[in-house]
Structures are given as structure tokens and as C-alpha cells.
Amino acid sequence: MRAKTPSDSRTVMTDMVLPSETNPLNNLFGGELLARMDRAASISARRHSRRITVTASVNHVAFNRSVPLGSVVTVEASVSRAFRTSMEIFIDVWMEDRFTGERAKANEAIYTFVAVDEAGTPTEVPQLQPETDLEKERFDAALRRKQLSLVLAGKMEPNKATELKALFTS
């Protein structure tokens, strides 16, 4: 199986915030943004694996800025690391001001997807070869996040979390 790059999975979805998608303060509902991020991440995971993919977890979401009614929202997703059957997807959300056109980062998230076959059994995915400095940074951090998650879930002994230990013993 040939390794792929984050750009192979890059997914960009752009849409406008409509009145039916806003809260009483006329800002985009958080749940609406989560759904948009999930769709973009799903497409990204499928592009990487060329398999059916399912959301395994939402590992991190940061709602850093409100997204007002009428804003143009762009969700950018790409695989940041591939493990045996799972993929971490890093998502950046950009907001374009409706009056000035200025683009600013509004939110970010990290999702985990698993590739499955037609029976729903997890299946192997291609490895990831990061190219840019940002891709390499996200790739390295993904293993630390996975180890932390496994330790907290009781699925990995803390002394075997080598990448986490390295943060404290270097």
C-alpha cells in the first residue's frame, strides 16, 4: 500500500451562514459547525483510505470565535496521521468577514476516523508521509495524542507511552 501525503486527502468546503443555522445571538450554532467539520473530515478520511469511514471520536474542538450570520465559512480538513486502521483528521475553520472580506481562523478540531469494509470490520489504511513543517508537527503530535488517549482509557500502560514520556524526560 503506497503512502499518501496530507494534500492527497485535503478537503475544502465553503458555505454561507444562513438564518436557520444561527442561535438567538445570530451566530452559527456549534452543532451546525460540528456537522460541517464531520462531513469534511469524513471526505478527507475516505480520500486517504479509499474505504468506507466512520467517526470514531471527536478528540478536540476549539470554538475560538463566533461565526456571525452571513459569514462565509471555509472548513479545511486533511489527514494528520494514519495508524493501522484509524486516521487522525485535523480541521481548520476559517471565517470571511461579510463586509471587508478579511479571512481569519475561527475554530479548529481533531477527529479520528476508522476505515471499515462492507461488513463494518476495521481495515488497514495507507501510511502518511507529511511534507511541510506544519504537517510534520501535526504528524508528531498525533502520536502523543493517541498515546494519551490510550493511557486515559486504560488501554496502554503509562510506562509504554514513549512519546509522552519523552516530553518529560528529555
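Residues numbered from 1 in each chain as written. Predicted model: local features only at pLDDT ≥ 70, side-chain atom pairs only at ≥ 80, totals over all residues. Heavy atoms only, no water.

- An unreviewed UniProt entry lists the protein chain under the name Acyl-CoA hydrolase, with Flagellimonas pacifica given as the organism.

1. Some details on the packing of helix α3 (residues 133-152) against helix α4 (residues 162-169)
So, point 1. Running from amino to carboxyl end, α3 crosses α4 at an angle of 105°, the nearest separation of the two axes being 7 Å. Regarding the angle of α3 to α4, the classification is roughly perpendicular. Taken together, the residues of α4 that come into contact with α3 (itself represented by Leu 143, Arg 144, Gln 147 and Leu 148) are Thr 162, Glu 163, Leu 164 and Leu 167.
So, point 2. Considering only residue class, the contact of α3 with α4 consists of four nonpolar, two polar and two charged. (Axes fitted to C-alpha atoms, helices over the stretch in contact; angles between N-to-C directions. Helix = DSSP H or I, 4+ residues; strand = E, 2+ residues; numbered from the N terminus. Parallel < 35°, antiparallel > 145°, perpendicular 65-115°, else oblique. Contact = heavy atoms within 4.5 Å. Nonpolar A, V, L, I, M, F, W, Y, C, P; charged D, E, K, R; others polar.)

2. Focus: the layout of surface pockets
So, point 1. When its volume is computed, the largest pocket comes out at roughly 410 Å³.
So, point 2. The wall of the largest pocket is formed by 18 residues, among which Ser 57, Asn 59, Thr 112, Lys 146 and Ser 149 lie closest to the centre.
So, point 3. Examining the composition of the lining of the largest pocket, we find that six residues originate from one element, α3, more than from any other.
So, point 4. Split by residue class, the lining of the largest pocket holds eight nonpolar, six polar and four charged.
So, point 5. Quantified by volume, the second largest pocket comes out at close to 250 Å³.
So, point 6. Lining the second largest pocket are 15 residues, with Arg 10, Ser 78, Asp 92, Glu 135 and Arg 138 positioned closest to its centre.
So, point 7. Contributing elements (two or more residues each) for the lining of the second largest pocket: α1 (6-9), β3 (72-82), β4 (86-96) and α3.
So, point 8. Among the elements that line the lining of the second largest pocket, the one with the most residues is β3, at five residues.
So, point 9. For the lining of the second largest pocket, the residue count by class is six nonpolar, four polar and five charged. (1 Å grid on protein atoms, 1.4 Å probe; cavity = no way out; pocket = protein on both sides within 12 Å on 5 of 7 lines; lining within 4 Å. Points joined across faces, edges and corners; volume = space filled by probe spheres on them.)

3. Describing α3
So, point 1. For α3, spanning 20 residues, the distance from its first C-alpha to its last is 29 Å, which sits close to the expected 28 Å at 1.5 Å a residue.
So, point 2. Those residues of α3 that sit buried are Glu 135, Arg 138, Phe 139, Ala 141, Ala 142 and Gln 147.
So, point 3. Those residues of α3 that are buried lie in contact with α1, β3, β4, β5 (103-116) and α4.
So, point 4. Directly after α3, the chain includes Gly 154, whose backbone phi takes a positive value near 75°. (Expected span 1.5 Å × (residues − 1). Buried < 20%, exposed > 50% of the residue type's maximum accessible area, 1.4 Å probe, protein only.)

4. Concerning the UniProt feature "domain: HotDog ACOT-type" (unreviewed entry) in the protein chain
So, point 1. Within the UniProt annotation, "domain: HotDog ACOT-type" (unreviewed entry) is assigned to residues 7-119.
So, point 2. From the first C-alpha to the last, residues 7-119 spans 29 Å; its make-up is 20% helix and 48% strand. (UniProt positions renumbered as here; feature names shortened; annotations may be inferred.)

5. Considerations on the side chain of Thr 11
So, point 1. If you trace the backbone, Thr 11 turns up in strand β1 (residues 11-16).
So, point 2. Accessibility expressed as a relative area gives 2% for Thr 11, which makes it buried.
So, point 3. A polar atom in the side chain of Thr 11 sits 3.1 Å from the side chain of Arg 47. (Polar contact = N/O pair within 3.5 Å; in protein donor to acceptor, adjacent residues only side chain to side chain.)

6. Describing the packing of aromatic side chains
So, point 1. Tallied over the full model, the rule gives one aromatic pair.
So, point 2. Aromatic side chains Tyr 111 and Phe 113 sit 6.5 Å apart centroid to centroid with 15° between the ring planes, which places their arrangement in the stacked category. Pair check on accessibility: Tyr 111 and Phe 113 agree, each one buried.
So, point 3. A cation sits over an aromatic face here: Arg 81 above Phe 139, 3.9 Å from the ring centre. (Phe/Tyr/Trp six-rings, centres within 6.5 Å; stacked < 30°, edge-to-face > 60°. Lys NZ or Arg CZ within 6 Å of the ring centre and 35° of its normal.)

7. Thoughts on the sheet that holds β3
So, point 1. Ordered in space as β1-β3-β4-β5-β2, the five strands form an open sheet in which the pairing is antiparallel. Among the strands making up the open sheet, the edge pair consists of β1 and β2 (52-63). Pairwise comparison of adjacent strand axes, ignoring direction, gives a mean angle of 25° for this sheet.
So, point 2. Pairing geometry for β4 and β5, over eleven bridges, is antiparallel. Along β5, the bridge assignment pairs Val 93 with Asn 107.
So, point 3. Contacts between helix α2 (residues 30-49) and the sheet are confined to β1, β2, β3, β4 and β5, with β3 contributing the most and set at about 45° to the helix.
So, point 4. Its contacts with the sheet put α3 on β3, β4 and β5, and the angle it makes with β4 is roughly 120°. (Pairing = 2+ DSSP bridges.)

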